[in-house]
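# Notes for the structure review
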Amino acid sequence: VVRAPMLGTFYRSPSPGEPPFITEGSQVMADQTLCLIECMKLFNTIPVGVKGRLVRFAVENGTLVEFEQPIAYIQPE
């Protein structure tokens, strides 16, 4: 489980209209960008953290996430 490291707004892509950093079912690397969390007008890059496959996102794009809230599920390799 990848958990939100901070309170903020969750974004799956770098900007509106662009493709997401990662899609569900994709193979991922530990240092790959999973999402952005905007906190006080600062966009923080959140890495996947583990090599494997993205099973699913636990939150919708553009929603508020709480500290330690699950944001994605990764099946480790």
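Provided above is the structure to which this section pertains.
Residues numbered from 1 in each chain as written. Predicted model: local features only at pLDDT ≥ 70, side-chain atom pairs only at ≥ 80, totals over all residues. Heavy atoms only, no water.

### What about the overall build of the protein chain?
The condition is simple: Helix and strand definitions follow DSSP, with helices as H or I runs of at least four residues and strands as E runs of at least two, each counted in order from the N terminus. Values of the radius of gyration come from C-alpha atoms, whereas the globule rule sets the reference at 2.2 Å times the count of residues to the power 0.38. Think of it in three bands: with a 1.4 Å probe and only protein chains considered, a residue is buried below 20% of the maximum accessible area for its type, exposed above 50%, and partly exposed in between. The charge count includes Lys and Arg as positive and Asp and Glu as negative, but it does not include His or the ends of the chains. The atom standing in for a charge is NZ when the residue is Lys, CZ when it is Arg, CG when it is Asp and CD when it is Glu.
Secondary structure assignment for the protein chain yields 0 helices and 8 strands. Put simply, the protein chain runs from its N terminus to its C terminus through helices and strands in the order β-β-β-β-β-β-β-β. Expected size for 77 residues packed as a compact globule is a radius of gyration near 11 Å; at 11 Å, the protein chain falls within 12% of this value. Projected onto its principal axes, the C-alpha positions of the protein chain cover 35 × 25 × 20 Å. Evaluated residue by residue, the protein chain yields a buried proportion of 30% over its 77 residues. Across the protein chain, 6 positive and 8 negative side-chain charges occur, with their mean positions spaced 5 Å apart.

### With respect to the pattern of salt bridges
Quick note on the threshold: The salt bridge definition used is simple: a Lys or Arg side-chain nitrogen within 4 Å of an Asp or Glu carboxyl oxygen.
A complete count under the given rule lists 1 salt bridge for this structure. Close ionic contact of Lys51 with Glu77 constitutes a salt bridge, the shortest N to O distance being 3.4 Å. With Lys51 in the loop between strand S5 (42-47) and strand S6 (52-57) and Glu77 in the segment after strand S8 (70-76), this pair connects stretches of sequence that are 26 residues apart. Residue Glu77 is classed as exposed on the basis of its relative accessible area of 65%.

### Here we look at the packing of aromatic side chains
Here is the rule we go by: In summary, the pairing rule links any two rings of Phe, Tyr or Trp, Trp by its six-membered ring, whose centres are within 6.5 Å, and it sorts them by plane angle into stacked for under 30 degrees, edge-to-face for over 60 and tilted for everything else.
Overall, the coordinates contain 2 aromatic pairs when judged by the stated rule. Ring centres 6.1 Å apart and planes at 45° place the aromatic pair Tyr11 and Phe43 in the tilted group. Note that Tyr11 is positioned in strand S2 (residues 8-11) and Phe43 in strand S5, a separation of 32 residues in sequence. Overall, Tyr11 belongs to the partly exposed group, its relative accessible area being 26%. We classify Phe43 as partly exposed; its relative accessible area is 49%.

### Let's talk about the sheet that holds strand S7 (residues 64-65)
Each strand in a sheet pairs with another by means of backbone hydrogen bonds, the pair being arranged parallel or else antiparallel. Rule in force here: Two strands qualify as a pair provided DSSP detects at least 2 bridges between them.
Strand order in the open sheet formed by 4 strands is S5-S4-S2-S7, with antiparallel pairing between adjacent strands. The open sheet terminates on both sides in strands that have one partner only, identified here as S5 and S7. Relative to S7, S2 runs antiparallel, the two being bridged by 2 bridges. Residue Gly8 lies in a different strand from S7, and its bridge partner there is Val65.

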